[in-house]
Amino acid sequence: KSRIYFDPEIRELWLKWVKNVFCHVNPYTGMTLLEDPVTVAIIGYNEQEYAFEDDYDAELVKPFFQKFLAQRYENIDALNAAWKGTEGEGNFGSFEEIPCFTLDAPRSTSVYGGDVARFIQSVETETQEFFKKTLRDLGYKGAFTNYNVGKTLHYNVAHGTSDAVQANTYHAHP
């Protein structure tokens with residue numbers, strides 16, 4: 001799930017799938033699902049919020065994380081000062097030396113944890129905008145939503161650009 005945030009090839013596969021499913025003309029109605037009023041809303045990617053809850057390709061993510069930090073901090077000394085004494089330790093010679101974060105990092109209350117959470121939030125918001133813009137460019141005028149399982153305040157930022165908020169509820173799981 002996290003590769004769609006960073007890998008253009010995965011985004012192309014997503015677009016191909018969207019076109020196959022939503023742009024196919026129904027022979028009975030003469031409309032695509034994008035045009036059909038029966039389509040109440042489209043979600044960009046089901047349960048996308050699990051992307052950083054499970055294993056992800058840290059080598060793929062690392063350069064994006066490093067670039068985010070380089071844009072956030074004036075220089076590496078500023079990052080080192082901010083991260084000193086935290087999980088990130090703040091003793092790097094360059095942004096390229098910074099390793100990718102661990103799965104538990106976004107839950108940390110340190111400056112490092114906050115930076116990881118901001119990074120994840122930024123890629124989630126950018127990806128949601130990619131989904132929404134792509135659907136709009138294909139002619140979809142209905143409601144768009146994403147991040148349909150996460151019930152934490154973290155998702156309020158991404159939900160802010162949605163046309164609707166969808167919240168899946170599950171019960172009676174084995």
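Each remark here, short or long, concerns the structure printed above.
As the structure is a prediction and not an experimental result, all values here were calculated from the model.

Asker: Would you mind showing me how to read the overall build of the chain here?
Answerer: Counting secondary structure elements, the chain contains six helices and two strands. Reading the secondary structure of the chain in the N-to-C direction produces α-α-β-α-α-α-β-α. Considered along the principal axes of its C-alpha atoms, the chain spans approximately 65 × 35 × 30 Å. When contacts within the chain are restricted to residue pairs at least 6 apart in sequence, long-range pairs at least 24 apart make up 61% of them. As presented, the chain carries roughly 10,100 Å² of accessible surface, and 56% of it is formed by carbon and sulfur atoms. The chain carries 16 positive and 25 negative side-chain charges, and their two centres are separated by 5 Å.

Asker: Teacher, can you tell me more about helix H4 (residues 76-83) here?
Answerer: All of the buried residues in H4 are Ile76, Leu79, Asn80 and Trp83. The arc that holds every buried residue of H4, seen down its axis, measures 100°, which confines them to one face. The outward face of H4, more than 90 degrees from its buried face, is lined by the exposed residues Asp77 and Ala81. As for H4, its buried residues are in contact with helix H3 (58-72) and helix H5 (111-137).

Asker: Please clarify how a nonpolar patch on the surface should be interpreted in this entry.
Answerer: Together, Trp17, Val21, Leu33 and Val38 line one region of the surface with nonpolar side chains, adding up to about 360 Å² of accessible area. With respect to the helices and strands, Trp17 occurs in helix H2 (residues 8-22).

Asker: Whenever I open this one, H3 confuses me. Can you help?
Answerer: Residues that lie three or four places apart on an α-helix share one face, since the helix turns once every 3.6 residues. The terminal C-alpha atoms of H3, which comprises 15 residues, lie 20 Å apart, in line with the 21 Å expected from a rise of 1.5 Å per residue. Within H3, burial applies to Val61, Phe65, Gln66, Phe68 and Leu69. What you see down the axis of H3 is that its buried residues fit within an arc of 165°, all on one side. For H3, exposure combined with an orientation more than 90 degrees from the buried face picks out Glu59, Lys67 and Gln71. Looking at the buried side of H3, the elements it contacts are helix H1 (3-6), H4 and H5. The backbone nitrogen of Glu59 has a side-chain oxygen 3.2 Å away, supplied by the residue at the start of H3, namely Asp57.

Asker: Looking at this structure, how should I read the packing of aromatic side chains?
Answerer: The relative placement of two aromatic rings is captured by the distance of their centres and the angle of their planes. Enumeration according to the criterion identifies 14 aromatic pairs in this entry. Plain terms: the ring middles of Phe6 and Phe64 are 4.9 Å apart, the flat faces sit at 40° to each other, and that makes the pair tilted. One end of the pair, Phe6, is in helix H1; the other, Phe64, is in helix H3, and 58 residues separate them in sequence. For Phe64, a relative accessible area of 35% corresponds to the partly exposed category. Between Phe6 and Phe119, the aromatic rings sit 6.1 Å apart at their centres with planes inclined by 10°, giving stacked as the arrangement.

Asker: Which parts of the structure should I look at to understand the pattern of salt bridges?
Answerer: Opposite charge on two side chains permits pairing when their charged atoms draw close. This model, assessed by the stated rule, comprises eight salt bridges. The shortest N-O distance in the salt bridge between Arg11 and Glu126 comes to 2.6 Å. Pair noted here: Arg11 is in helix H2 and Glu126 is in helix H5, with a separation of 115 residues, a long-range link. Exposure remark for Arg11: the relative accessible area of 12% places this residue in the buried category. Because the salt bridges share partners, they merge into one network encompassing Arg72, Asp115 and Arg118.

Here is what the cut-offs are and how they apply
Residues numbered from 1 in each chain as written. Predicted model: local features only at pLDDT ≥ 70, side-chain atom pairs only at ≥ 80, totals over all residues. Heavy atoms only, no water. Helix = DSSP H or I, 4+ residues; strand = E, 2+ residues; numbered from the N terminus. Contact = heavy atoms within 4.5 Å. Areas by Shrake-Rupley, 256 points an atom, 1.4 Å probe, with all protein chains shown as cover. Lys, Arg positive; Asp, Glu negative; His and termini not counted. Charge placed at Lys NZ, Arg CZ, Asp CG, Glu CD. Buried < 20%, exposed > 50% of the residue type's maximum accessible area, 1.4 Å probe, protein only. Arc of directions from axis to C-beta. Patch = residues over 30% accessible without salt bridge, like charges linked within 9 Å, V, L, I, M, F, W, Y side chains within 5 Å. Salt bridge = Lys/Arg side-chain N within 4 Å of Asp/Glu carboxyl O. Expected span 1.5 Å × (residues − 1). Polar contact = N/O pair within 3.5 Å; in protein donor to acceptor, adjacent residues only side chain to side chain. Phe/Tyr/Trp six-rings, centres within 6.5 Å; stacked < 30°, edge-to-face > 60°.

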